[in-house]
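Read off the chains here:
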Amino acid sequence: MRPRSRTAVAALAVTLVLTTPVATAQAVSTPAQASPAAAALTLPGPAGPYAVGTEVLHLTDHSRTDPWVPEAGARELMVSLHHPARSGGAGAPAPYMSTEEAGLLLAERGLDGIVPAGVVSSTVTHARTDALPARGRFPLVLLSPGFNTPRATLTSLAEDLASRGYVVASVDHAYESTGTAFPGRHVLTCAACDVAEAAPDEEAEREVLRTVSTGRAADLSFVLDRLTGPHPAWDHSRMIDRRRVAAVGHSVGGSAAASTMLTDPRVDAGADLDGTFFEPIPPSGLDGRPFLMLGTDADHHPGSADTSWDEGWQHLDGWKRWLTVEGAGHFTFTDLPALAEQLGLPDPTAPLSATRSTRITRDYVAAFLDLTLRGREQPLLDGPTAHNPEVVFQNP
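Thresholds, definitions, all that
Residues numbered from 1 in each chain as written. Predicted model: local features only at pLDDT ≥ 70, side-chain atom pairs only at ≥ 80, totals over all residues. Heavy atoms only, no water. Pairing = 2+ DSSP bridges. Helix = DSSP H or I, 4+ residues; strand = E, 2+ residues; numbered from the N terminus. Axes fitted to C-alpha atoms, helices over the stretch in contact; angles between N-to-C directions. Contact = heavy atoms within 4.5 Å. Parallel < 35°, antiparallel > 145°, perpendicular 65-115°, else oblique. Left-handed = near helix turned anticlockwise from the far one by under 90°. Nonpolar A, V, L, I, M, F, W, Y, C, P; charged D, E, K, R; others polar. Phe/Tyr/Trp six-rings, centres within 6.5 Å; stacked < 30°, edge-to-face > 60°. Buried < 20%, exposed > 50% of the residue type's maximum accessible area, 1.4 Å probe, protein only. Lys NZ or Arg CZ within 6 Å of the ring centre and 35° of its normal. Salt bridge = Lys/Arg side-chain N within 4 Å of Asp/Glu carboxyl O. Disulfide = S-S within 2.5 Å.

(A) Geometry of the sheet that holds strand S8 (residues 320–325). Strand order in the open sheet made by the nine strands is S1-S2-S4-S3-S5-S6-S7-S8-S9, with mixed pairing throughout. Each edge of the sheet is formed by a strand with only one pairing partner; in this case those strands are strand S1 (51–65) and strand S9 (391–394). Each neighbouring strand pair of the sheet contributes to a mean axis angle of 20 degrees, computed without reference to strand direction. Pairing of S8 with S9, which is carried by four bridges, proceeds in the antiparallel orientation. Paired with threonine 324 across the bridge in S9 is valine 392. In the packing of helix H8 (residues 252–263) onto the sheet, the strands contacted are strand S3 (138–144), strand S5 (240–250), strand S6 (269–273) and strand S7 (291–296), and the crossing angle to S5 comes to about 140 degrees.

(B) Spotlight on the packing of helix H7 (residues 202–228) against H8. Closest axis-to-axis distance for the H7/H8 pair is 8 Å, and the angle between their directions is 60 degrees. As summarised for this structure, H7 and H8 are arranged oblique, according to the angle between their axes. Once H7 is placed against H8, the crossing between them reads as right-handed. Taken together, the residues of H8 that come into contact with H7 (itself represented by Leu209, Val212, Ser213, Thr214, Arg216, Ala217, Leu220 and Ser221) are Val252, Gly253, Ser255, Ala256, Ser259, Thr260 and Thr263. Tallied by class, residues from the contact of H7 with H8 come to six nonpolar, eight polar and one charged.

(C) Spotlight on the packing of aromatic side chains. Counting across every chain of the model gives six aromatic pairs. Between tryptophan 309 and tryptophan 322 the ring centres are 6.0 Å apart and the planes differ by 70 degrees, which places this aromatic pair in the edge-to-face class. On the criterion of sequence distance, the pair formed by tryptophan 309 in helix H10 (residues 307–315) and tryptophan 322 in strand S8 is long-range, its members being 13 residues apart. The same class applies to tryptophan 309 as to tryptophan 322, namely buried. In textbook terms, an aromatic cluster arises when at least three aromatic residues are bridged by ring pairs, as seen for Phe277, Phe291, Trp309, Trp313 and Trp322. We note arginine 374 situated over the ring of tyrosine 166; from NZ or CZ to the ring centre the distance is 4.1 Å.

(D) Spotlight on unusual backbone geometry. The backbone of asparagine 148 sits at a positive phi, close to 70 degrees, despite the residue not being glycine. Tracing the sequence through the fold places asparagine 148 in the loop between S3 and helix H5 (155–163). Here the phi dihedral of aspartate 274 falls at roughly 60 degrees; this positive angle occurs in a residue that is not glycine. As for its position among the elements, aspartate 274 is in the loop between S6 and S7. Assessed through its relative accessible area of 0%, aspartate 274 is described here as buried.

(E) Representation of the pattern of salt bridges within the structure. What the rule picks out here adds up to 19 salt bridges. Among the salt bridges present, the one from arginine 64 reaches aspartate 61, with a minimum N-O distance of 2.9 Å. Relative accessible area serves as the criterion here: at 7%, aspartate 61 is assigned to the buried category. The partner of arginine 374 in a salt bridge is aspartate 370, with the nearest N and O atoms 3.1 Å apart. Residue arginine 374 and its partner aspartate 370 are located together in helix H12 (residues 354–374), separated by four residues, close to a single helical turn.

(F) Broad picture of the state of the cysteines. Across all of its chains, the model carries one disulfide by this definition. Disulfide pairing is shown between cysteine 190 and cysteine 193; the S-S distance is 2.0 Å. On the sign convention where negative means left-handed, the S-S torsion of about 70 degrees between cysteine 190 and cysteine 193 marks this disulfide as right-handed. As far as the burial class goes, cysteine 190 and cysteine 193 line up, both buried.

Any functional reading would require information beyond the geometric quantities listed.
Here it is as structure tokens:
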């Protein structure tokens, strides 16, 4: 299977959630079937004790030219910050994404005539834009989405981590999603996907995706600079504990988490959620820093077609876990199962329920971060548990 099938083309959120437009048309015969759930799309509520605040930053790295559209000039990023907040405040929940972004997301898989864009864009979130930051200093998590998938599809994870006491910076990398709105400009679409699609063979395509991984590493390091440097871009940057930083990503964003650790010693821990390592982890490892691999059992068990996990596992030289989830699909680790079930469009190839998908992703990622950034013992990571029978601990 070519990498494109797992990262670029298949990465449309609306595998809302079927794998091809043909399958979608068969499963949903009329737009009316999706409309009963239209007014009720809601992300799962965060599990932690803190209220959640959010803010969006537009950052420009003038030291680099955009690798996909050089004529656009400097590399640009959109960053959603979710943070622990004080209780109270009268503000409404923050928007999930714009209607135009949602429309592009749906159109990518032929669902623009089946699910109205406004249904997806108006998904109810649990973070407020007017929330006062909680008192204290908190670890920072850099969060990168899959290729051709906007950062909004990781909102549930970001909100949950913020409610547990983390500042989370979710990054949209210009020209690498179905559509990302930038201030004062049209929505930027996935020029990088066009480059990957035009690759003459699998080897050339993998090289494009390696460029995505390493380019995102530079993006995440730049975001870290702008959040913790001497002239921070965020008014509340003092709540970030710069001594405790992790990089986490889904799909190629997981590869980018490892790539960031290879070049930036400030990142203390990393996690890959079902992503191929397009930049291989070298024999020298990650300088003993901890890393979590959490993926589907079907595609990321030892000996599976994606050999990058077997190879990466051998080279990881610090605390590490290789966990796979039975019944999971590639998008299990995002918001999509929750949205899909509410729309009556579950993925028949990934039978794990939305409730279990959300719970497993949140609990295991949070446990990993609590262990590695806070030094809190986490029995959940010691081995299989009766409460999570779907999670398999691999140790090849």
